[in-house]
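# Coordinate analysis (summary)
Listed below are the residues making up each chain.
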Amino acid sequence: MPATLSITAMVPCFNEEECIEQAYLRIKEEVYQYEDSEILFVDDGSTDGTLGIIKRIAREDPRVSYISFARNFGLESAFTAGFSYASKEWTVQLDADLQSPPPELHKLARRAVEGDYDAVFAVRTSRQDPWYRRLGTVAHQAIATRILGIELPVHASVFRVVRTSVARKVAACKVSTPYFIATLPLIGARYTTVETAHSPRTAGRAKWSLGKLFRHAADLFVGFSYRPLALIYLAALGAVAAAVTLTAAGSGVRPLALASVVLHTAGLGSIALLARYMVRIMRGSAGLPRYQIREANVPVRPQDDLYAYRNESTGRAAPAPLLQTGNLP
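Since the model is a prediction, treat every value here as computed from it, not as a measurement.

## Examining the overall build of the chain
What the chain contains, in helices and strands, is ten helices and ten strands. Across the 329 residues that make up the chain, the buried fraction comes to 46%. For the chain, long-range pairs separated by at least 24 residues make up 80% of all intrachain contacts whose partners lie at least 6 apart in sequence. A total accessible area of about 16500 Å² is found for the chain, and carbon and sulfur atoms account for 58% of it.

Dropping the structure here:
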């Protein structure tokens, strides 16, 4: 890989005080092989000592930058901000828990440059995650691509190298449900996948629960496909047909009870799915920012600055003294 490659190592983190120091040392060892490189930590509203450690590292290493959210906005918001504030031509997204081994980034970078791709996603071999996460990923990507017709880089993970200018285009898309790997194909970006190793978590606790996995999958399904709405109509028709069949099967209480159960189940399922679409509409119309930055050691746009205010005399947005501000490219 050419040493002149311009690359930002972007590291989203939330309550990772137990492993953030080790992550920095391991990532630095690989990323600094490129002459024009930096590390950008995105603190997603950590409530432990993560930010304090990052700030100390940044004071000691001028190639380390950070932005810190006002609260926990979620992983999609974290890497959206990371892509927006990365200053190099390419951005590699890495995990603070080091499950994406930093030495593997060279495979992704090489493939991106040699193949003239806009994004290269890692496909994890021998994935070191709980069984429900592995099964959930396979299931939700299969449903998305094969049933709902959503284009995705199959088996892609958040370990990826992306052309920063293209990633910013994705970040700027006004979608009601931010979902990077589903939005990237919609703008015509060229992408591919590369197999990489996967490591067990070095320290700390995983942040993904079953509930978060279900919500994440639901956001993908209703945010990028209207086919689930067709399933509502099919379910309703099927429920009516089943109810009629059961009712006609006999005049006793049992067939009527079964028919009622079928109709109520289909009705409740339809209401739940429609509710997800209402959430999608409300998100799009609410106009809330994806994230707000409380603290950083890089120039921050006024619209992203929690403490920006409007100067009555000039009419221009002015930031709070805590942040360094200026015009970003």
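## Re the nonpolar core
The biggest cluster of nonpolar side chains holds 37 residues, and the ones touching the most others in it are Ile-67, Phe-69, Phe-180 and Leu-220. The set of elements that each furnish at least two residues to this core consists of β2 (36-43), β3 (64-69), α3 (75-85), β5 (119-124), α6 (164-172), α7 (180-183), α8 (210-224) and β8 (293-296). Of all the elements, α3 adds the most residues to this core, at five residues. Counting residues in hydrophobic clusters, the runner-up holds 36 residues, among them Ile-20, Tyr-24, Ala-122 and Phe-159.

## Quick word on the side chain of Ser-84
Among the structural elements, Ser-84 can be located in helix α3. Residue classification places Ser-84 among the buried positions, given a relative accessible area of 11%. Not counting residues within four places of it along the chain, the set of residues in contact with Ser-84 comprises Arg-168, Ala-171, Tyr-291 and Arg-301.

## Some words on the packing of helix α1 (residues 20-31) against helix α2 (residues 50-60)
The N-to-C vectors of α1 and α2 enclose an angle of 35 degrees; their axes lie 10 Å apart at closest approach. For the pair α1 and α2, contact is made by Ile-20, Glu-21 and Tyr-24 and by Ile-53, Ile-54, Arg-56 and Ile-57, respectively. Class assignment for the residues of the contact of α1 with α2 results in five nonpolar, no polar and two charged.

## Examining unusual backbone geometry
In the Ramachandran plot, Asn-15 falls in the positive-phi region, its phi being about 55 degrees despite a non-glycine side chain. Secondary-structure assignment places Asn-15 in the loop between β1 (6-13) and α1. For Asn-15, a relative accessible area of 22% corresponds to the partly exposed category. With phi around 65 degrees, His-155 is a residue other than glycine that occupies positive phi space. Checked against the element boundaries, His-155 lands in the loop between α5 (131-147) and β6 (160-163). Judged by relative accessible area, His-155 falls into the partly exposed class, the value being 47%.

## Re the pattern of salt bridges
Per the stated rule, a full pass over the model turns up nine salt bridges. With a shortest N-O distance of 3.7 Å, Arg-56 and Glu-60 are connected by a salt bridge. Taken together, the residues Arg-56 and Glu-60, both in helix α2 and four residues apart, mark about one turn of the helix. Accessibility expressed as a relative area gives 28% for Arg-56, which makes it partly exposed. Across the salt bridge formed by Asp-116 and Arg-163, the nearest N and O atoms sit 3.6 Å from each other. Within this pair, whereas Asp-116 is found in the loop between α4 (105-115) and β5, its partner Arg-163 is found in strand β6, the two being separated by 47 residues in sequence. On the basis of relative accessible area, Asp-116 is assigned to the partly exposed category, the value being 42%.

## Topic: the pairing of strand β7 (residues 191-196)
Residues Thr-192, Val-194 and Thr-196 line the buried face of β7, whereas the alternating positions Tyr-191, Thr-193 and Glu-195 sit on a face that is not buried. Relative to β7, β5 runs parallel, the two sharing six bridges. Bridging across to β7, Val-120 finds its partner in Thr-192.

## Comments concerning the pairing of β1
Extensive coverage of β1 is indicated by the burial of eight of its eight residues. Here β1 shows two buried faces, one formed by Ser-6, Thr-8, Met-10 and Pro-12 and the other by Ile-7, Ala-9, Val-11 and Cys-13. Note that β1 and β2 share eight bridges and pair parallel. Bridging across to β2, Ser-6 finds its partner in Asp-36. In this region the chain leaves β1, passes through α1 and returns to the parallel neighbour β2; the handedness of that crossover is right-handed. Where β1 lies against strand β4 (residues 90-93), four bridges are found, and the strand directions are parallel. Residue Ile-7 lies in a different strand from β4, and its bridge partner there is Trp-90.

Reading guide: rules and limits
- Note that residues are indexed from 1 along each chain, following the sequence as it is written.
- This being a predicted model, a pLDDT of at least 70 is required before a residue's local features are given, and a value of 80 or more before pairs of side-chain atoms are given or counted; all residues contribute to the totals for chains, interfaces and linings.
- Note: side-chain values were computed over all heavy atoms of the structure, leaving out hydrogens and water.
- For the purposes of this entry, the term helix denotes a DSSP run of H or I that reaches at least four residues, the term strand denotes a run of E that reaches at least two, and both are numbered from the N terminus.
- Buried means the residue's accessible area, taken with a 1.4 Å probe over protein chains only, is under 20% of the maximum for its type, while exposed means over 50%, and partly exposed covers the values in between.
- We call two residues contacting when some pair of their heavy atoms lies within 4.5 Å.
- Note on areas: Shrake-Rupley with a 1.4 Å probe; residue coverage comes only from the protein chains shown.
- Each nonpolar core is a collection of buried residues, namely Ala, Val, Leu, Ile, Met, Phe, Trp, Tyr and Cys, held together in the definition by side-chain atoms within 4.5 Å.
- Note on geometry: axes are lines fitted to C-alpha atoms, helical ones only across the stretch in contact, with angles between N-to-C directions running from 0 to 180 degrees.
- Side-chain classes follow a simple rule in which Ala, Val, Leu, Ile, Met, Phe, Trp, Tyr, Cys and Pro form the nonpolar group, Asp, Glu, Lys and Arg form the charged group, and the remainder, Gly included, forms the polar group.
- For salt bridges, the criterion is a side-chain nitrogen of Lys or Arg within 4 Å of an Asp or Glu carboxyl oxygen.
- Strands are labelled as partners when DSSP assigns at least two bridges between them.
- For the handedness criterion, the strands are oriented away from the viewer, and a crossover whose path from the first strand over the helix to the second runs clockwise is classed as right-handed.

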